[in-house]
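This is what each chain is made of:
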Amino acid sequence: MRLTLTACLLLLLPNLPAHALYDPAPDPALAAVQGAWVGTLQYQDYQQPGRMVSLPTRLYVAAAGPNALTLYYVFDDGPGKTVHWYERMHFDFVANKLAWTSGADAPQRCSLLEAGPASASRSVVFECADPERPDARPTARHTLTLSSEALTLQKEELRDDGSTLLRNRYAFKRAGAAMQD
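Residues numbered from 1 in each chain as written. Predicted model: local features only at pLDDT ≥ 70, side-chain atom pairs only at ≥ 80, totals over all residues. Heavy atoms only, no water.

(A) Spotlight on the packing of aromatic side chains. Tallying each qualifying case throughout the model produces nine aromatic pairs. Measuring from ring centre to ring centre gives 5.8 Å for tyrosine 73 and phenylalanine 75, while their planes differ by 5°; the resulting arrangement is stacked. For the residue pair tyrosine 73 and phenylalanine 75, the accessibility class agrees, reading buried in each case. Consider the rings of tyrosine 73 and phenylalanine 172, whose centres lie 6.5 Å apart with planes at 45°: the pair is tilted. Pair noted here: tyrosine 73 is in strand β3 (residues 68-76) and phenylalanine 172 is in strand β10 (residues 164-174), with a separation of 99 residues, a long-range link. No difference in accessibility class separates tyrosine 73 from phenylalanine 172, as the two residues are buried. (Phe/Tyr/Trp six-rings, centres within 6.5 Å; stacked < 30°, edge-to-face > 60°. Buried < 20%, exposed > 50% of the residue type's maximum accessible area, 1.4 Å probe, protein only. Helix = DSSP H or I, 4+ residues; strand = E, 2+ residues; numbered from the N terminus.)

(B) Seen up close, the nonpolar core. Among the nonpolar cores identified, the biggest contains 29 residues, and Phe91, Phe126, Leu144 and Leu151 are the most heavily contacted of them. Leave out the neighbours within four places in its chain, and phenylalanine 91 touches Leu30, Asn67, Lys97, Leu98, Leu112, Val124 and Leu144. (Core = buried A, V, L, I, M, F, W, Y, C linked by side-chain atoms within 4.5 Å. Contact = heavy atoms within 4.5 Å.)

(C) Layout of the side chain of histidine 142. Along the chain, histidine 142 falls in strand β8 (residues 138-146). Look at histidine 142 and you get buried, because its relative accessible area is 5%.

(D) Structural detail: the environment of valine 83. Following the sequence through the fold, valine 83 ends up in strand β4 (residues 82-92). For valine 83, a relative accessible area of 27% puts it in the partly exposed group. Note: C-alpha distance between valine 83 and threonine 57 (26 residues apart in sequence) is 9.5 Å. Discounting residues that sit within four places of it in the chain, valine 83 has contacts with Tyr73, Val74, Phe75 and Asp77.

(E) A look at the pairing of β8. Across eight bridges, the pairing between strand β7 (residues 122-129) and β8 is antiparallel. Along β8, the bridge assignment pairs glutamate 127 with arginine 141. Sheet topology places β8 next to strand β9 (residues 150-158); seven bridges connect them, and they run antiparallel. Opposite histidine 142, over in β9, you have lysine 155 as the bridge partner. Connecting the antiparallel pair β8 and β9 is a turn made up of three residues. (Pairing = 2+ DSSP bridges.)

(F) Inspection of the state of the cysteines at higher detail. Applying the stated rule across the entire model yields one disulfide. What pairs with cysteine 110 in a disulfide is cysteine 128, and their sulfur atoms sit 2.0 Å apart. Between cysteine 110 and cysteine 128, the S-S torsion sits near 100°, and that sign places the bridge as right-handed. Separated by 18 residues along the polypeptide, cysteine 110 in strand β6 (residues 108-115) and cysteine 128 in strand β7 bring together distant segments of the chain. Cysteine 110 sits in the buried class, given a relative accessible area of 2%. (Disulfide = S-S within 2.5 Å.)

Coordinates in, geometry out; function isn't part of it.
Written as structure tokens, this is what we have:
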């Protein structure tokens, strides 16, 4: 009996679905933004409200998984002052969540409000609460636009009175394309 059962199982094995041997392919828009970028960071001057400051910025983007990006920024903040900044973004497009880690901080939990279809270009709008008070109402809305030619990330502060304030905006072009302009 045991021999018959073993023989039946061996005959059925080739007909069972194979388990995936590889990780899934990356989200198309996330895959499209990998590489080197050049552009600017514009931000509200904290000392002079209403005044925007602009810094030349380089960005290097790499996939950290099928729905995750690693971002490395290099800012030119004046003569002899170069600033480095690191971020990780892990998107869960099914659950409409984003875990966003800046520098060495703990991941900030954000809610995706809009995420365009999975294609080579995508616009994602998400809101985040203060990392110190993750159960509080969102304090910032971000708009991330991804394509193979351009990448932008904008942050608006959400104020108690319902108004918004543009806090900062990154705008990038492909490093090679920007040098040809």
